[in-house]
Amino acid sequence: MIRVGILGCGFIGTQICQAIDRGDVSAEIYAVYDVSYNKAQELISSLEIQTPVYCSPSQMFENTDLIIECASPDAARLYISEALKNGCDILVMSAGAFQDPEFYNEVYEIALNGGKRIYIPSGAIAGTDSLKSGMTSNIDSVVIETRKPVSGLADSPYVIKNKISLENLKEPLTLFEGKASDAVVNFPRNVNVCATISLCGIGFEKTEVRIIADPTIQKNIHKLKVKGDFGEMFMEIKNNPAPTNPKTSYIAALSAIAKLKEITNPFQIG
Ligand SMILES: NC(=O)c1ccc[n+]([C@@H]2O[C@H](COP(=O)([O-])OP(=O)(O)OC[C@H]3O[C@@H](n4cnc5c(N)ncnc54)[C@H](O)[C@@H]3O)[C@@H](O)[C@H]2O)c1
């Protein structure tokens with residue numbers, strides 16, 4: 001049975017631990033860590049069977065097979081190399097961290113040389129399967145449109161820096177149109193989907209992104225348009241926001257649980 005360590009005890013970390021605790025995933029939670037001790041304790045006390053310890057990331061890396069990062073892009077940048085060097089595989093939810101090519105190349109080399117894996121679940125987006133297949137031939141364009149309720153975008157660096165007032169918005173407002181590399185920098189907590197699509201598709205510089213604040217919707221809506229030698233793909237997903245974090249879609253946590261099930265299952269489908 002694999003031993004896992006959880007970095008980040010918010011919505012996604014809690015959902016993953018509870019799925020393991022219910023026996024949905026065959027794994028043992030060795031430890032959890034959060035900058036907020038209270039969040040970690042809250043998570044630990046929500047579990048019935050598993051008894052993780054609260055310890056430092058370094059101690060966690062020495063005693064686990066798989067680290068699950070569900071904290072922040074900064075945490076991902078801080079801990080991924082150390083976890084890999086300690087012999088851990090790592091599952092990363094803060095996919096935006098890989099927008100920095102230097103960081104991407106560094107962890108790629110460490111993982112390759114150490115025979116370790118970096119898993120990035122599909123998160124809040126769909127269509128990664130066909131995009132990956134299409135990438136084995138030529139892809140001409142990838143366009144992703146992210147439409148969120150105002151509460152999911154209001155505190156993003158882009159909105160704050162440009163003093164955009166979303167409070168009394170009555171109609172959808174396009175906040176950003178440009179390449180994925182800029183979207184990830186300006187909306188770090190919101191556009192992991194753009195990062196995931198860039199990573200499995202044509203990259204951060206060529207993937208086109210549109211971000212819309214929409215006061216008329218309750219769900220996080222992502223549309224993906226891909227054209228290539230395989231043909232064309234149009235995908236739309238309407239995600240329920242997580243009850244405790246409107247920036248996160250519920251399905252993002254489910255995608256991590258699904259990836260864990262896949263890792264621990266001899267069948268690899270899709
Ligand atoms: N890949 C995707 O499609 C996708 C979708 C949703 C969320 N995410 C990302 O997943 C991550 C977790 O999302 P969430 O909804 O659970 O967030 P959350 O805010 O509910 O929880 C994050 C937790 O991590 C902790 N944390 C922050 N920085 C930390 C650090 N340096 N070390 C340890 N703990 C730290 C916070 O205190 C918090 O408890 C975020 O980075 C989010 O952007 C990815």
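It should be emphasised that the depicted structure is a prediction, and the values quoted were computed from it without experimental measurement. (Residues numbered from 1 in each chain as written. Predicted model: local features only at pLDDT ≥ 70, side-chain atom pairs only at ≥ 80, totals over all residues. Heavy atoms only, no water.)

**Remarks on the domain arrangement of the chain**
Phase 1: Under the domain assignment, the chain is made up of domain 1 (2–120 + 251–263) and domain 2 (128–239).
Phase 2: If you average the C-alpha positions of domain 1 and of domain 2, the two centres end up 25 Å apart.
Phase 3: In this complex, domain 1 contributes 12 residues to the contact, which on the side of domain 2 involves 12 residues.
Phase 4: With both sides pooled, the region where domain 1 packs onto domain 2 buries about 810 Å², and carbon together with sulfur makes up 67% of that total. (Domains from an automatic or database assignment. Contact = heavy atoms within 4.5 Å. Buried area = accessible area lost by both parts, 1.4 Å probe.)

**A word on the site of the ligand**
Phase 1: As a structural note, the neighbourhood of the ligand is formed by 23 residues, with I12, D34, S94, N192 and T248 the closest of them.
Phase 2: Residue D34 places a side-chain N or O atom 2.6 Å away from an oxygen atom belonging to the ligand.
Phase 3: One of the backbone nitrogen or oxygen atoms of A124 is found 3.0 Å away from an oxygen atom of the ligand.
Phase 4: Taken together, the elements giving at least two residues each to the shell around the ligand come down to α1 (11–22), α4 (73–85) and β13 (245–249).
Phase 5: Here the shell around the ligand is composed, by residue class, of 12 nonpolar, 8 polar and 3 charged. (Near = heavy atom within 4 Å. Polar contact = N/O pair within 3.5 Å; in protein donor to acceptor, adjacent residues only side chain to side chain. Helix = DSSP H or I, 4+ residues; strand = E, 2+ residues; numbered from the N terminus. Nonpolar A, V, L, I, M, F, W, Y, C, P; charged D, E, K, R; others polar.)

**Let's talk about the packing of aromatic side chains**
Phase 1: Enumeration over the complete set of coordinates arrives at 10 aromatic pairs.
Phase 2: Put simply, the rings of F98, F103, Y104 and Y108 pair up and form one aromatic cluster. (Phe/Tyr/Trp six-rings, centres within 6.5 Å; stacked < 30°, edge-to-face > 60°.)

**Notes on the packing of α4 against helix α5 (residues 101–114)**
Phase 1: Viewed as axis vectors pointing N to C, α4 and α5 meet at an angle of 15°, and their least axial separation amounts to 9 Å. Judged on the interaxial angle alone, α5 and α4 are roughly parallel. Between α4 and α5 lies a crossing whose hand is left-handed. Between α4, through A76, R77, I80, S81, L84 and K85, and α5, the contact on the second element is made entirely by F103, E106, V107, I110 and A111.
Phase 2: The class makeup of the residues in the contact of α4 with α5 is 7 nonpolar, 1 polar and 3 charged. (Axes fitted to C-alpha atoms, helices over the stretch in contact; angles between N-to-C directions. Parallel < 35°, antiparallel > 145°, perpendicular 65-115°, else oblique. Left-handed = near helix turned anticlockwise from the far one by under 90°.)

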